[in-house]
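Overview (structure and organization)
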Amino acid sequence: MKFPQFSMLPFLMVVVMLSLSGTTLSHPHWDFLHCLSLRLADYSTISKVIYVQNNPSYSSVLNASIHNTRFSTPATPKPFAIITPLKTSHVRSTLYCSKKHGFQLRIRSGGHDVEGLSYVSEVPFVILDLLNFRAIKVDTKNEVAWVQSGATLGELYYAIAAKTNTLAFPAGMCHTVGAGGHFSGGGYGTLFRKYGLAADNIIDARMIDVNGRILDRKSMGEDVFWAIRGGGGNTFGIVLAWKIKLVPVPAVVTVFTVNKNLEQNATKIFHRWQYIAHKLPDDLFMNVWITKVNSSQVGMKTVQATFRGMLLGGVDELIALIQDKFPELGLAEENCNEMSWIESVLYFGGLPLQSVDILLDKNALPTLSLKAKSDYVKEPIPESGIEGLMSMFLEEEADNAVAMIPAFGGKMDDIPENELPYPHRAGNLFEATYIVQWTKEENAESGKYISWSRRLYSYMTPYVSKSPREAYVNYRDLDLGINNNDYTSYEQASIWGFKYFKNNFKRLVQVKTKVDPMNFFRNEQSIPPLLSPWKKKGN
Ligand code: FDA
């Protein structure tokens, strides 16, 4: 290997750093580090930005944003380096050196990808971890904010609430989810029936394309701007930041929870809910969670449907509305709580209501191993079908399983299917996300939990959307099909692509072909370009 003399110093620093950490590296790894160290230029920056294996901080940096311990076992493939850029030029340098030396790049914001795609790859790779890109600028006067991709939803909500209690942002319910991946796949939470998805409320973005150009909405063009708002992450470029439109909320909202188990008619009430919930006013969000719980009979289990929701209004209005439209629920004042919107974020996030500061804590909730699958439902499921669904939750593997079922309708019905890549709009009664969880210690038995989720998915087949069986890209499911590491044909990717994006998949492929024809940004379920170089070589 021959290095230009004038540029030896930063690289020598990396060599010292690696020697001290005992790392042994092969040729391309050295080349990559040489390339990056030349561009980062000084030791102090290098030591804060590059983490190679055996660096004492490597594991803690890697694990800090792993939210599925299924992918943090000794057998899980690890990146040869994690790069944590401090500024935009570091991101460009990482992109440049990864391309030049043939390393796959996995972009990580919050690390919640349910299949671990932001931090696992079967081929040699580096992680570009945006953990230092977390700035948030809220402009209440113009009701907009800029949020960097590495910020969590909790940090975003906290920053908004620090300035006003009458503006909010309609995104997901888990406070540790990252803006980068969440907005890239759509993103919904308690305000989506009123205002649509997070992606529906993005008005500009700052992105680095495969050629290292820094683009905004105007310079990237409307096709690319359309694609990055829901077409899935790690596909069109590295999104550094998003400009979002804030939405009005009243100073007081009302949240409620009603639990009904099998002995309390959960099946019948859920059955009825399907006919009503999607037609309720869009100021109301309503979600049903199905879980296994202890029964009133000692040592016995039952299944519970938890009806949880929020009205953008007061408690009297809520009770009158539910008594009129859905009396079967038996909602009473003791089930309800008036609070500010930011407190409702804690409520739905399963966090204690004492202090909003917990929204800044990425470790406030335990991390488990999990497998997720999703469905969209367009016709009410008959009672007999719900009974079967409930009975599956009594099985042993379902101790830590949940079906999360938010009612659709409202604003989602008004947005055309092709407005953004996320196509699941009018005609859906609800989405169902099935999540089965287990502890890290149980990873050796993960197969049994995963096969339970596959059986549940198979059981649901007659009751859910068909041709295609639709799915939500933010609850990524590799069972739906995967890309090859090199060339993936349109036909092959269509198997999963139409499920996530319906006909929008075609436009996503066209955009991908235009902006990244060599398919540099890729993972097991990224949109492929139409004619990649591998195809041209006849592979
Ligand atoms: P992560 O960093 O893993 O990124 C996800 C994908 O986007 C990866 O492919 C990654 O490479 C890519 N990516 C990340 N940053 C990028 C960037 N800056 N530029 C380009 N590509 C980028 N969803 C929902 O709609 N509502 C909800 O309430 C919840 N709740 C929820 C709870 C929990 C516990 C989990 C595990 C997941 C959810 N989700 C959800 C799903 C969540 O929206 C989805 O997993 C997001 O992709 C996570 O985004 P992160 O940035 O955290 O993940």
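Just so it is clear, the structure is predicted and the values come from calculations on it, not from any experiment.

Once the domains are mapped, the protein chain shows domain 1 (29-129), domain 2 (136-248), domain 3 (253-339 + 368-460) and domain 4 (481-535). Summarising the inter-unit geometry, the C-alpha centres of domain 1 and domain 3 are found 37 Å apart. Taken together, the two surfaces of domain 1 and domain 3 that pack against each other cover about 680 Å², and 46% of this comes from carbon and sulfur. Applying the counting rule to domain 1 against domain 3 returns 1 salt bridge. Among the salt bridges present, the one from Lys371 reaches Glu115, with a minimum N-O distance of 2.6 Å. Linking domain 1 to domain 3 there are 8 residue pairs in polar contact (both at pLDDT 80 or more). Considering only residue class, the side of domain 1 that touches domain 3 consists of 1 nonpolar, 5 polar and 2 charged.

Across a sheet, paired strands are connected by hydrogen bonds in the backbone, their directions being either parallel or antiparallel. With mixed pairing, 4 strands are arranged side by side in an open sheet as S1-S2-S4-S3. What marks the edges here is a single partner per strand, and that holds for strand S1 (50-52) and strand S3 (104-108). Strand after strand, the sheet turns through a mean of 20° between neighbouring axes, direction not considered. The sheet contact formed by strand S2 (residues 81-83) and strand S4 (residues 125-129) spans 3 bridges and is parallel. The residue of S4 that forms the bridge with Ile83 is Leu128.

Our focus in this paragraph is the pairing of strand S14 (residues 301-311). Of all 11 residues in S14, 9 are buried, a share of seventy percent or more. Here 8 bridges tie strand S12 (residues 253-261) to S14, and the two strands are oriented antiparallel to one another. Bridging from a neighbouring strand, Asn261 pairs with Gln304 of S14. Note: strand S13 (residues 284-294) against S14, 11 bridges, orientation antiparallel. Looking across to S14, one finds that Asn287 is bridged to Arg308. Counting the residues in the hairpin turn of S13 and S14 gives 6 residues, including Gly299, whose phi is positive at 80°.

About the cut-offs
Residues numbered from 1 in each chain as written. Predicted model: local features only at pLDDT ≥ 70, side-chain atom pairs only at ≥ 80, totals over all residues. Heavy atoms only, no water. Domains from an automatic or database assignment. Buried area = accessible area lost by both parts, 1.4 Å probe. Salt bridge = Lys/Arg side-chain N within 4 Å of Asp/Glu carboxyl O. Polar contact = N/O pair within 3.5 Å; in protein donor to acceptor, adjacent residues only side chain to side chain. Nonpolar A, V, L, I, M, F, W, Y, C, P; charged D, E, K, R; others polar. Pairing = 2+ DSSP bridges. Helix = DSSP H or I, 4+ residues; strand = E, 2+ residues; numbered from the N terminus. Axes fitted to C-alpha atoms, helices over the stretch in contact; angles between N-to-C directions. Buried < 20%, exposed > 50% of the residue type's maximum accessible area, 1.4 Å probe, protein only.

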